[in-house]
Amino acid sequence: MPKSDSETTISELKDLVRSFVEERDWRQFHNGKDLAIGLSIEAAELLEHFRFKSVDEVTQLLADPAALKEVCHELADIFYFVLALSDHLDIQLSEAFREKLEIARERYPVELAKGKNLKYTELQKGRKS
Ligand SMILES: [Mg+2]
């Protein structure tokens, strides 16, 4: 029975990736470079679904269950490589995620960033003037 996100830990998912890799003797192919390349390729595959489409067309596309399933699978492919790479590099993904979110909070303080889509370097310019 599939488990929801709220019932699954990142550690469980890393274990699933590890088993999948070991059963196939793919550890030999799991190095930082090739895992990062795999991650990037899967991210590009996600983008293929949206290429040359307007925002409205993408919204329409994602209303189709079959298309949404394909997008879900691309996200899963990306996540596989995120998990595999973080496992390979012995990175605690939850810790890294929280740390990076804290950095983003500092870069994008609510009072400067709310309702704006500017990069933090542009927001900081506004603060100085
Ligand atoms: Mg894929």
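Given the structure is predicted, the values throughout are model-derived calculations rather than measurements.

*Asks:* With reference to specific residues and values, describe the overall build of the protein.
*Replies:* Of the regular secondary structure elements, the protein holds seven helices and zero strands. Starting at the N terminus, the α and β elements of the protein follow one another as α-α-α-α-α-α-α. The globule rule puts the C-alpha radius of gyration for 129 residues at 14 Å, and the 19 Å found for the protein is more than 25% above it. Overall, the C-alpha framework of the protein stretches about 60 × 35 × 30 Å when taken along its three principal axes.

*Asks:* Go over the coordination of the magnesium ion, please, and point to the residues and values.
*Replies:* Coordination of the magnesium ion by the protein is provided by E42 (OE), E45 (OE), E74 (OE) and D77 (OD), with metal-donor distances spanning 2.1 to 2.3 Å. On the primary sequence, the residues serving as donors to the magnesium ion are separated as E-x2-E-x28-E-x2-D. In this pair, E42 and E45 are both assigned in helix 2 (residues 32-48), three residues apart and thus about one turn of the helix distant. Judged by relative accessible area, which is 27%, E45 ranks as partly exposed.

*Asks:* Please provide a residue-by-residue account of unusual backbone geometry, values included.
*Replies:* The phi dihedral of D25 is positive, around 55°, even though this residue is not glycine. Topologically, D25 is positioned in the loop between helix 1 (10-23) and helix 2. The residue D90 is not glycine, and still its phi comes out positive at about 55°.

*Asks:* Tell me about the domain arrangement of the protein, and please be specific about residues and values.
*Replies:* Note: interface size is frequently given as the accessible area lost on complex formation between the parts. Looking at the protein, the domain boundaries give domain 1 (7-91) and domain 2 (92-129). The C-alpha-based centres of domain 1 and domain 2 are spaced at 26 Å. On the domain 2 side, the residues contacting the seven residues of domain 1 number four residues. Counting the surface lost from both domain 1 and domain 2, the interface buries some 400 Å², and carbon and sulfur atoms represent 68% of this. Scanning the region where domain 1 abuts domain 2 turns up zero salt bridges. Applying the counting criterion to the domain 1 and domain 2 interface returns one residue pair in polar contact (both at pLDDT 80 or more). Broken down by secondary-structure element, the contributors of at least two residues to the side of domain 1 that touches domain 2 are helix 1 and helix 4 (65-88). With three residues, helix 4 is the single largest residue contributor to the side of domain 1 that touches domain 2.

Definitions and cut-offs
- Residues numbered from 1 in each chain as written.
- Predicted model: local features only at pLDDT ≥ 70, side-chain atom pairs only at ≥ 80, totals over all residues.
- Heavy atoms only, no water.
- Helix = DSSP H or I, 4+ residues; strand = E, 2+ residues; numbered from the N terminus.
- Rg over C-alpha atoms; globule rule 2.2 N^0.38 Å.
- Donors = N, O, S within 2.8 Å, 3.2 Å for Na, K, Ca; no water.
- Buried < 20%, exposed > 50% of the residue type's maximum accessible area, 1.4 Å probe, protein only.
- Domains from an automatic or database assignment.
- Contact = heavy atoms within 4.5 Å.
- Buried area = accessible area lost by both parts, 1.4 Å probe.
- Salt bridge = Lys/Arg side-chain N within 4 Å of Asp/Glu carboxyl O.
- Polar contact = N/O pair within 3.5 Å; in protein donor to acceptor, adjacent residues only side chain to side chain.

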